[in-house]
Amino acid sequence: MQILPSAIGVAVLLTVTAAPSAAARSESCAPAQTGGPVWVTADCVDPTYNRPVIDAETDLTGPVPHHKVSGHFEGTTVKFNVYLPPKSRWQGRFFQLVYPLQNENATDDSLAFGAASGAYTVQINGTVGYQADAAAAKFAKTVAAGYYGSGSRRIYGYIYGGSGGSYQTVGAMENTTGVWDGAVPFIPGVPTSIPNNFFVRAFARLFLTDKAAQIADAVRPGGSGDPYAGLTDAQRTVLREVTRMGVPLRAWEDYPYLLGLNDPQGLLGFAGTVRAMDPTYADDFWSKPGYLGTEQSPLGDLFRAEKVDTSATITRVDRDAQNRPASLVLDDAPAGHGRVPLDFALYDGSTLVGPLPGSLDPATKVFTLGSGNTSEVLNAIDQGAKLRIDNRWPLALTAYHRHQVPTRPGFYAWDQFRDADGQPIHPQRGVQVGPRVSVGVSGGGTHTGKITGKMIMVGNLLDVDAFPWDADWYGNQVEQALGARSRDTFRIWYNDHADHIGPRTPALIDGTGILQQALRDVSAWAEKGVTPPRSTRYEVTDSQVKVPAKAADRRGLQPVVDLTANGRTSIQVRAGKPVTFKATIQVPPGTGKIVSTGWDFKGDGTFAARPFGSPRERVDVQMTFIYTQPGTYFPGLRATAHRDGDTRTPFATVPNLGRVRVVVR
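Quick caveat: nothing in here was measured; it's all calculated off a predicted structure.

Draft legend 1. Fine view of the overall build of the chain. Across its full length, the chain carries 17 helices and 31 strands. The C-alpha radius of gyration of the chain comes to 28 Å, within 12% of the 26 Å expected for a compact globule of 665 residues. Referenced to the eigenvectors of the C-alpha coordinate spread, the extents of the chain come out at roughly 75 × 75 × 60 Å. For the chain, the proportion of its 665 residues judged to be buried stands at 53%. Residue pairs at least 24 apart in sequence account for 71% of intrachain contacts in the chain once pairs closer than 6 positions are excluded. In the structure as shown, the chain presents an accessible area of about 28000 Å², 49% of it carried by carbon and sulfur atoms.

Next comes the structure, spelled out in structure tokens:
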């Protein structure tokens with residue numbers, strides 16, 4: 001980023017605090033109900049974030065010209081940046097991205113998109129909840145009013161955030177007024193998502209890894225459509241269970257990510273949270289009735305067969321240059337674990353010294369110490385000491401969702417674990433971890449649905465981290481809370497061929513554009529009463545969200561690509577023979593125009609643009625391709641729409657895919 005010459009040496013250090021008289025006249029932000037989340041208004045003063053300090057002001061040229069105001073809240077770790085485009089480009093609004101783990105520096109894309117949308121941008125470093133974001137938003141309005149000379153002109157604000165940021169966004173819109181006028185929570189989680197969504201996938205990883213490739217082939221374009229074919233009864237039970245919990249069946253195509261095969265924690269990253277909140281769970285799982293650890297069934301047998309609980313004697317201690325233990329040679333090591341992590345603990349005889357994080361190579365019987373070991377444990381390591389090796393906790397956690405049936409109604413994914421009277425069929429734990437995590441991340445919010453502004457929620461149909469049904473569940477909360485008013489306040493747009501973190505594979509698209517259009521639409525809705533496109537039409541069956549095949553029926557915002565090869569979705573051809581691809585691409589009525597297409601004939605993610613004429617709502621295209629090498633290909637056609645048919649803008653473009661199967665002999 002280049003600093004304008006006029007700004008060199010002009011950066012200032014200003015302390016801006018509320019004047020005592022103003023503070024005395026203003027009420028402190030406080031819960032509306034005892035023990036509830038803090039209610040933030042436009043005028044209340046947050047006692048934690050009441051001393052904003054401007055550290056620097058700088059004029060910059062990139063990625064677009066803007067005036068950057070950087071600062072912090074005194075007495076806290078919260079930093080903020082306000083990015084103000086020139087007055088000629090500002091239209092009286094701001095956009096604010098929130099996420100618990102972000103820093104205060106907005107990306108170039110966010111900044112440029114905001115300026116192109118007539119908005120200044122606000123961002124703070126990550127916190128839990130919405131209070132710090134609200135304080136920054138309110139202070140930024142003061143900064144903007146001074147910079148633009150807008151006086152008492154109303155400034156409209158829009159908050160957006162995904163994943164953990166969706167909790168904060170929802171919490172903000174349910175527990176503030178006069179701070180933001182609208183919101184776009186995307187890839188939303190719900191009060192049961194953490195840790196259950198991840199443990200459910202670990203459950204699948206445990207028993208379906210060996211069948212994952214065939215499940216993936218069944219759900220790919222042109223596949224059999226029967227992912228249960230060839231599974232044992234126990235494996236069918238597992239696949240049916242995780243599917244009804246909400247893991248999208250079509251997402252099995254990218255099974256390495258779904259199953260966390262490259263995750264060193266095996267999708268059990270929240271294990272420490274559960275162990276701290278529910279410390280007796282593993283002991284109960286392996287000893288009491290009603291748990292898979294004791295259940296006499298094929299699935300229970302599989303659980304017990306995976307169990308590791310043994311001890312090994314340390315025969316040699318290898319130390320580093322500082323004489324600290326680095327690795328241990330053991331007299332024995334269990335083989336064939338690997339699908340869940342192992343726990344290690346050091347024993348002096350029969351006395352537990354403490355946990356010993358590290359990793360074990362069963363082939364060499366070498367244990368390598370990890371980080372975080374205490375000096376007490378390190379000092380006790382010696383030849384002849386015992387290392388306990390077990391997976392009792394990790395195994396038990398993969399079935400934790402069975403014992404977390406929500407007491408709050410509406411979570412239909414758990415109906416599979418209820419009897420005819422609606423009562424849980426398995427023992428339930430004394431703590432529901434998900435709701436507690438949700439309250440913490442959202443700042444005390446409870447997902448009541450009582451939103452105070454316009455909201456467009458965006459869910460991705462292939463999301464295995466925040467399941468697609470989450471958006472439907474929250475939509476139900478809004479409808480229950482607001483009744484008929486929800487239709488004038490809330491939308492759900494589902495995004496097909498998109499998952500949680502971006503296009504890792506050729507079968508996925510980038511969902512950024514639909515978020516950008518949602519921000520523009522929610523601002524027009526709040527400021528001018530311009531009604532946005534209707535919610536996506538969908539149905540939920542066994543927690544699987546399904547959308548109609550045709551754009552006019554599906555609604556929402558995405559174009560729909562109907563692609564065939566030689567008139568079919570799956571074909572077999574000989575090498576050297578031409579294949580004719582045809583596609584009809586349509587946008588939902590009134591939502592935009594097709595502005596570009598790209599062909600990926602080999603299915604390797606290399607999309608080549610092809611002209612089709614002027615932008616329009618429906619496009620019919622045809623291409624011929626000759627495959628010279630035998631193999632199975634999944635060619636795709638990517639089509640992108642834009643509200644105004646702008647073929648040059650990088651912002652608010654909405655893509656989708658059509659894919660088929662071509663087997664070349």
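Continuing now.
Draft legend 2. A look at the pattern of salt bridges. Considering all chains together, one arrives at 27 salt bridges under this definition. In the salt-bridge network here, residues are joined through shared partners; they are D278, D284, K288 and R429.

Draft legend 3. The nonpolar core, seen in detail. Among the nonpolar cores identified, the biggest contains 106 residues, and Y120, W252 and F303 are the most heavily contacted of them. Those residues in contact with W252 that lie beyond four places of it in its chain are A204, L208, A212, I215, A216, V219, L239, V247, L258 and L259.

Draft legend 4. Fine view of the state of the cysteines. Counted under the stated rule, the structure contains one disulfide. Between C29 and C44 runs a disulfide, and the two sulfur atoms are separated by 2.0 Å. What sets the handedness of the C29 and C44 disulfide is the S-S torsion sign, and at about 85° it is right-handed. Separated by 15 residues along the polypeptide, C29 in the loop between α1 (20–25) and β2 (30–31) and C44 in the loop between β3 (38–39) and β4 (52–60) bring together distant segments of the chain. Assessed through its relative accessible area of 9%, C29 is described here as buried.

Draft legend 5. Expanded view of unusual backbone geometry. A cis amide bond links G62 with the next residue in sequence, P63, at an omega value of 0°. As for its placement among the helices and strands, P63 is situated in the loop between β4 and β5 (66–73). A positive phi angle is found at D542, which is not glycine, with a value near 50°. Along the chain, D542 falls in the loop between β20 (539–541) and β21 (544–546). Its relative accessible area of 47% is what places D542 among the partly exposed residues. Even without being glycine, A652 reaches a positive phi, approximately 60°. With respect to the secondary-structure elements, A652 resides in the loop between β29 (636–642) and β30 (653–659).

Draft legend 6. Quick look at the packing of aromatic side chains. For the coordinates displayed, the defined rule picks out 34 aromatic pairs. Ring centres 5.6 Å apart and planes at 15° place the aromatic pair F95 and F113 in the stacked group. Here the residue F95 occupies a position in strand β7 (residues 93–97), and F113 occupies one in helix α2 (residues 108–116), the gap between them amounting to 18 residues. Measuring from centroid to centroid gives 5.4 Å for W599 and F601, while their planes differ by 15°, and the two rings are stacked. Each of the two residues, W599 as well as F601, counts as buried.

Draft legend 7. Inspection of the environment of E479 at higher detail. With respect to the helices and strands, E479 occurs in helix α15 (residues 469–482). For E479 and F612, which are 133 residues apart along the polypeptide, the C-alpha to C-alpha distance reads 42 Å.

Draft legend 8. Region of the structure containing the environment of Y148. Take Y148: it is sitting in helix α3 (residues 131–148). Residues Y148 and G459, 311 residues apart in the sequence, show an inter-C-alpha distance of 36 Å. The contact partners of Y148, leaving out residues within four places of it in the chain, are L84, P85, P86, K87, W90 and Y120. Within the structure, the side chain of Y148 is placed 2.7 Å from the backbone oxygen of P85, a separation counted as a polar contact.

Draft legend 9. Main features of α2. Turning to α2, its buried residues number three or more, namely S110, L111, A112, F113, G114 and A115. Looking at the residues trailing α2, positive phi occurs at G118, about 75°.

Draft legend 10. Main features of the sheet that holds strand β23 (residues 570–573). In space, the three strands of this open sheet follow the order β23-β31-β28, with mixed pairing throughout. Each end of this open sheet is capped by a strand with a single partner; those strands are β23 and β28 (631–633). Taking each pair of neighbouring strands and ignoring which way they run, the sheet shows an average axis angle of 15°. Bridge analysis of β28 against strand β31 (residues 661–664) gives three bridges, and the strand direction is antiparallel. Looking at β31, one finds that G631 is bridged to V664.

Draft legend 11. Structural view of the packing of helix α5 (residues 193–208) against helix α7 (residues 233–245). Between α5 and α7, the shortest axis-to-axis distance is 10 Å and the interhelical angle comes to 160°. By the angle between their directions, the pair α5 and α7 is classed as roughly antiparallel. Handedness of the crossing formed by α5 with α7: left-handed. Contact residues: α5 offers V200, F203, A204, F207 and L208, while α7 offers Q235, V238, L239, E241, V242 and M245. Of the residues that constitute the contact of α5 with α7, the class distribution is nine nonpolar, one polar and one charged.

Draft legend 12. Layout of the sheet that holds strand β24 (residues 578–586). In spatial order, the strands read β22-β24-β27; together these three strands make up an open sheet with antiparallel pairing. On the outer flanks of this sheet lie β22 (560–565) and β27 (618–626), each paired with one strand and no other. The sheet shows a mean angle of 15° between the axes of neighbouring strands, taken without regard to direction. Judged from the six bridges that link them, β22 and β24 form a sheet pairing that is antiparallel. Considered in β24, the bridge of A565 is made with F581.

Draft legend 13. Region of interest: the confidence of the model for the chain. On average, residues of the chain carry a pLDDT of 94, and 96% of them reach 70 or more. Scored below 50 in pLDDT, residues 1–24 makes 40 contacts in the model with residues more than four places away or belonging to other chains.

Draft legend 14. How the structure looks around the environment of V561. Along the chain, the position of V561 falls in strand β22. Spatially, the C-alpha atoms of V561 and V619 are 9.5 Å apart, while their sequence positions differ by 58 residues. V561 has contacts with T584, I585, L637, A639, N656, L657 and G658, leaving out every residue within four places of it along the chain.

Draft legend 15. Region of the structure containing the side chain of Q235. Note that Q235 resides in helix α7. A polar side-chain atom of Q235 sits 2.9 Å from the main-chain amide nitrogen of T232. Excluding its chain neighbours within four sequence positions, the residues that come into contact with Q235 are F207, L208 and K211.

Draft legend 16. The arrangement of the pairing of strand β19 (residues 490–495) in detail. Summarising burial for β19: six of the six residues are buried, a large majority. Residue alternation in β19 divides its side chains into two sets, F490, I492 and Y494 and R491, W493 and N495, and both sets are buried. As for the winding sense of the linkage, the β-α-β connection from strand β18 (residues 454–460) through α15 to β19 is right-handed.

Rules used throughout
Residues numbered from 1 in each chain as written. Predicted model: local features only at pLDDT ≥ 70, side-chain atom pairs only at ≥ 80, totals over all residues. Heavy atoms only, no water. Helix = DSSP H or I, 4+ residues; strand = E, 2+ residues; numbered from the N terminus. Rg over C-alpha atoms; globule rule 2.2 N^0.38 Å. Buried < 20%, exposed > 50% of the residue type's maximum accessible area, 1.4 Å probe, protein only. Contact = heavy atoms within 4.5 Å. Areas by Shrake-Rupley, 256 points an atom, 1.4 Å probe, with all protein chains shown as cover. Salt bridge = Lys/Arg side-chain N within 4 Å of Asp/Glu carboxyl O. Core = buried A, V, L, I, M, F, W, Y, C linked by side-chain atoms within 4.5 Å. Disulfide = S-S within 2.5 Å. Phe/Tyr/Trp six-rings, centres within 6.5 Å; stacked < 30°, edge-to-face > 60°. Polar contact = N/O pair within 3.5 Å; in protein donor to acceptor, adjacent residues only side chain to side chain. Pairing = 2+ DSSP bridges. Axes fitted to C-alpha atoms, helices over the stretch in contact; angles between N-to-C directions. Parallel < 35°, antiparallel > 145°, perpendicular 65-115°, else oblique. Left-handed = near helix turned anticlockwise from the far one by under 90°. Nonpolar A, V, L, I, M, F, W, Y, C, P; charged D, E, K, R; others polar. pLDDT = per-residue confidence, 0-100. Right-handed = clockwise from strand over helix to strand, strands pointing away.

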